[in-house]
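# Architecture at a glance
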Amino acid sequence: MAALIQIRNNVEGVKVFLEGDSYTLGRGDDNDIVVNDDLASREHALIERVALPGKQGEMRYMIRDLGSTNGTFVNHKQVSEQALNDGDVIRVGQTFLRFALHETGDLAETKVIKKTIIPGIYITTDKK
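Parameters and conventions
Residues numbered from 1 in each chain as written. Predicted model: local features only at pLDDT ≥ 70, side-chain atom pairs only at ≥ 80, totals over all residues. Heavy atoms only, no water. Helix = DSSP H or I, 4+ residues; strand = E, 2+ residues; numbered from the N terminus. Buried < 20%, exposed > 50% of the residue type's maximum accessible area, 1.4 Å probe, protein only. Contact = heavy atoms within 4.5 Å. Polar contact = N/O pair within 3.5 Å; in protein donor to acceptor, adjacent residues only side chain to side chain. Phe/Tyr/Trp six-rings, centres within 6.5 Å; stacked < 30°, edge-to-face > 60°. Lys NZ or Arg CZ within 6 Å of the ring centre and 35° of its normal. Pairing = 2+ DSSP bridges.

## Concerning the overall build of the protein chain
- A tally of regular secondary structure across the protein chain gives 0 helices and 13 strands.
- Taken from N to C terminus, the helices and strands of the protein chain fall in the order β-β-β-β-β-β-β-β-β-β-β-β-β.
- In the protein chain, buried positions account for 39% of the 128 residues.
- Summarising the internal contacts of the protein chain: among those between residues at least 6 apart in sequence, 40% fall at separations of at least 24.

Right under this line is the structure:
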């Protein structure tokens, strides 16, 4: 199953499985994935699972910048929209997330990332 894995100081941390068809990323609390990063826009980017034209049943994940102030980057290149490949590193503000197409693990370990009032500090809770 596809997942986003937070990277901080070259260490992988929180893993979020992408079970649905679309996820918003940004600093605002109403996003699916909240990024506690002052350089991230409130509504920064969108990740969508889309069907490949002419290939029945095959899906691909796309990331699209939502008009963010500081841009969305995939593998150090600024993008407005791009297909994601296994191992791609996404940067939103100063937050890095690795995209894994076939991540293994127990869905029970899926966490929700929430920001705290202290910049750069996150808490995680079990997914409900």
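## Examining the side chain of T72
- Position of T72 among the secondary structure elements: in strand 7 (residues 72–74).
- With a relative accessible area of 1%, T72 lands in the buried category.
- In contact with T72, other than residues within four places in its own chain, are H44, A45, I63, D65, K77, Q78, V79 and R91.

## Brief notes about the environment of H44
- The residue H44 is located in the loop between strand 4 (33–34) and strand 5 (45–51) in this model.
- In the structure, H44 is positioned 23 residues away from G67 in sequence and 6.9 Å away in space, judged by C-alpha atoms.
- A distance of 3.4 Å separates polar atoms of two side chains, one belonging to H44 and the other to S68.

## Here we look at the packing of aromatic side chains
- Tallied over the full model, the rule gives 1 aromatic pair.
- Seen in terms of ring centroids, Y61 and F99 are 5.5 Å apart; in terms of plane orientation they differ by 55 degrees. Their pairing is tilted. In this pair, Y61 sits in strand 6 (residues 59–65) while F99 sits in strand 11 (residues 95–100), placing the two residues 38 residues apart along the sequence. Assigned by exposure class, Y61 and F99 land together as buried.
- Here the basic side chain of R91 rests over the ring of F73, its NZ or CZ set 4.0 Å away from the ring centre.

## Some remarks on the pairing of strand 5
- For strand 3 (residues 22–26) and strand 5, the ladder comprises 4 bridges, and the chain directions are antiparallel. Note on strand 5: the bridge partner recorded for Y23 is I47.
- Relative to strand 6, strand 5 runs antiparallel, the two being bridged by 7 bridges. Paired with A45 across the bridge in strand 6 is D65.

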